[in-house]
Amino acid sequence: MKAIGYKENLPIEDVNSLQDIELNTPKATGRDLLVAIKAISVNPADYKVRAGMPVEGDDWKVIGWDATGIVKEVGEDVSLFKVGDEVWYAGDFTRQGSYAEYQIVDERIVGKKPSSLSFPEAAALPLTSLTAYELLFDRLQVAKEDASKSILVIGAAGGVGSILVQLAKKLTKLNIIGTASREETTAWLKDLGADAVINHRHKLSEEFEKHNLPAPDYVVSLNGTEQHADEIVKLIKPQGKFGFIDDPKTLNIMPFKLKSVSTHWEFMFTRSMFQTEDMIEQHNILNKVAELIDNGTIKTTLGENFGVINAENLRKAHAFLETGKAKGKLVLEGF
């Protein structure tokens, strides 16, 4: 089968950073599905792993954690899917990824693809939807019915933020304050349902004062957590909840003590990586999100289509994502 992989951690400008290769097609056993990949999307996890995770031995590392496709083969213990089903998923950090014609994935982290979306439209959503949903409802356990509470979403116009804002708008009564720094991303967030948008290039506390905004009960930081930490401490309501997904080199949580603020990591791969007892929740979440899409409650966050799935186009997608200027998600489709 065709695949795109790497053997060395190289800058994306190097043609060997991602290469077109041929690999044997894997077989499905146990609770695994063999999926014929139709479309994928690119996430920050992709370029972070490509640049920083060494390959063991002489094997090729195939990355990619968002895919849509068709089930071609099922393992003997599979009960949730059958051959021919259209599916979507974000995969497993410990296995080979979606930059390939075929991929093996555990059925418990796979959902039925939204029927109203094309394969590339749907590929924009699994990883970010799972991350956003788990962050809101599993980690922060936001109050869904309390209209007096508010949430600040830092870096809200990216992939995770674009779906998190929609989920918060449609599934809760929270007042949603997003951050962006450009006219187009500000407009994008307002279109997705943000009640207010402030500029994260400025001090957040000054922006809150300028726009006369209430102290947030919840703060979600999707990027730049280290940079904004002092302002988050200043802004967040006493006994509030703070969640984040990025990788700050250092993060001193001691300043949160006086306000009794709880801090929450969200790492979408935890359930599959540790085979947790509730691993099937990702199957359930993906099916819930598919229903929300098919009934028109939320929409795809596709930003730009980078063409067919090959090394050249993936290098371009990685390079653009690394600029931090992406609006919505970058997808590729077909081989």
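On a predicted model such as this, the values are computed, not experimentally measured, just so you know. (Residues numbered from 1 in each chain as written. Predicted model: local features only at pLDDT ≥ 70, side-chain atom pairs only at ≥ 80, totals over all residues. Heavy atoms only, no water.)

S.K.: What is the right way to read the packing of aromatic side chains from this model?
M.R.: Both the distance between ring centres and the angle between the ring planes are used here to describe each pair of aromatic rings. Summed over all chains, the structure comprises 10 aromatic pairs. Ring centres of Phe242 and Phe244 lie 5.2 Å apart, and the angle between their planes is 20°; on these two criteria the pair is classed as stacked. The pair formed by Phe242 and Phe244 is uniform in burial state, with each residue classed as buried. Their ring planes at 65° and their centres at 5.4 Å tell us that Phe267 and Phe269 sit as a pair that is edge-to-face. Judged by its relative accessible area of 38%, Phe267 is partly exposed. Assessed through its relative accessible area of 3%, Phe269 is described here as buried. Through successive ring pairs, a cluster of aromatic residues spans Trp65, Phe93, Phe267 and Phe269. The ring of Phe119 carries Lys113 above its face, with NZ or CZ at 5.0 Å from the centroid. In this arrangement the basic side chain of Lys144 is found over the ring face of Phe137, its NZ or CZ atom lying 4.7 Å from the centre. (Phe/Tyr/Trp six-rings, centres within 6.5 Å; stacked < 30°, edge-to-face > 60°. Buried < 20%, exposed > 50% of the residue type's maximum accessible area, 1.4 Å probe, protein only. Lys NZ or Arg CZ within 6 Å of the ring centre and 35° of its normal.)

S.K.: Quick question: what am I supposed to make of the environment of Trp60 here?
M.R.: When you line up the elements, Trp60 lands in the loop between α1 (44-52) and β4 (67-74). For Trp60, a relative accessible area of 24% puts it in the partly exposed group. Residues Trp60 and Ile109, spaced 49 residues apart in sequence, show a C-alpha to C-alpha distance of 24 Å. Each residue touching Trp60, except ones within four places of it in the same chain, is listed here: Gly5, Tyr6, Lys7, Gln19, Ile21, Leu23, Val55 and Gln96. (Helix = DSSP H or I, 4+ residues; strand = E, 2+ residues; numbered from the N terminus. Contact = heavy atoms within 4.5 Å.)

S.K.: Mind showing me how you'd approach the sheet that holds strand β12 (residues 241-244) here?
M.R.: Within a sheet, neighbouring strands are paired by backbone hydrogen bonds and run either parallel or antiparallel to one another. A sheet is described by the order of its strands in space; here six strands give the open sequence β10-β9-β8-β11-β12-β13, paired in parallel fashion. The sheet is open, and its two borders are formed by β10 (196-199) and β13 (262-265), each paired with just one other strand. Taken pair by pair, the neighbouring strands of this sheet meet at an average axis angle of 20°, ignoring direction. Bridge analysis of strand β9 (residues 175-180) against β10 gives four bridges, and the strand direction is parallel. Bridging from a neighbouring strand, Thr179 pairs with Ile198 of β10. Lying over the sheet, helix α5 (residues 183-192) contacts β9 and β10, oriented at roughly 160° with respect to β9. (Pairing = 2+ DSSP bridges. Axes fitted to C-alpha atoms, helices over the stretch in contact; angles between N-to-C directions.)

S.K.: Help me understand the pairing of strand β3 (residues 32-42), please; the structure alone is not making it clear to me.
M.R.: The side chains of a regular strand alternate, residue by residue, between the two faces of the sheet. Taken across its 11 residues, β3 has 10 buried, putting it largely inside the fold. Alignment of β3 against strand β15 (residues 329-333), held across four bridges, turns out to be antiparallel. The partner of Ala39 across the bridge, within β15, is Glu333.

S.K.: I would appreciate a short explanation of the nonpolar core in the present structure.
M.R.: One broad rule of soluble globular proteins: the nonpolar side chains tend to lie buried together. Membership of the largest hydrophobic core comes to 84 residues, with the highest contact counts inside it found for Tyr99, Leu189 and Leu314. With seven residues, helix α3 (residues 126-139) is the single largest residue contributor to this core. In this structure, Leu189 is in contact with Ala156, Ala157, Val165, Gly178, Thr179, Ala180, Ala194 and Val197, ignoring residues within four places of it in sequence. Grouped together as the second largest cluster of nonpolar side chains are 17 residues, Ala196, Val233, Phe242 and Phe244 included. (Core = buried A, V, L, I, M, F, W, Y, C linked by side-chain atoms within 4.5 Å.)

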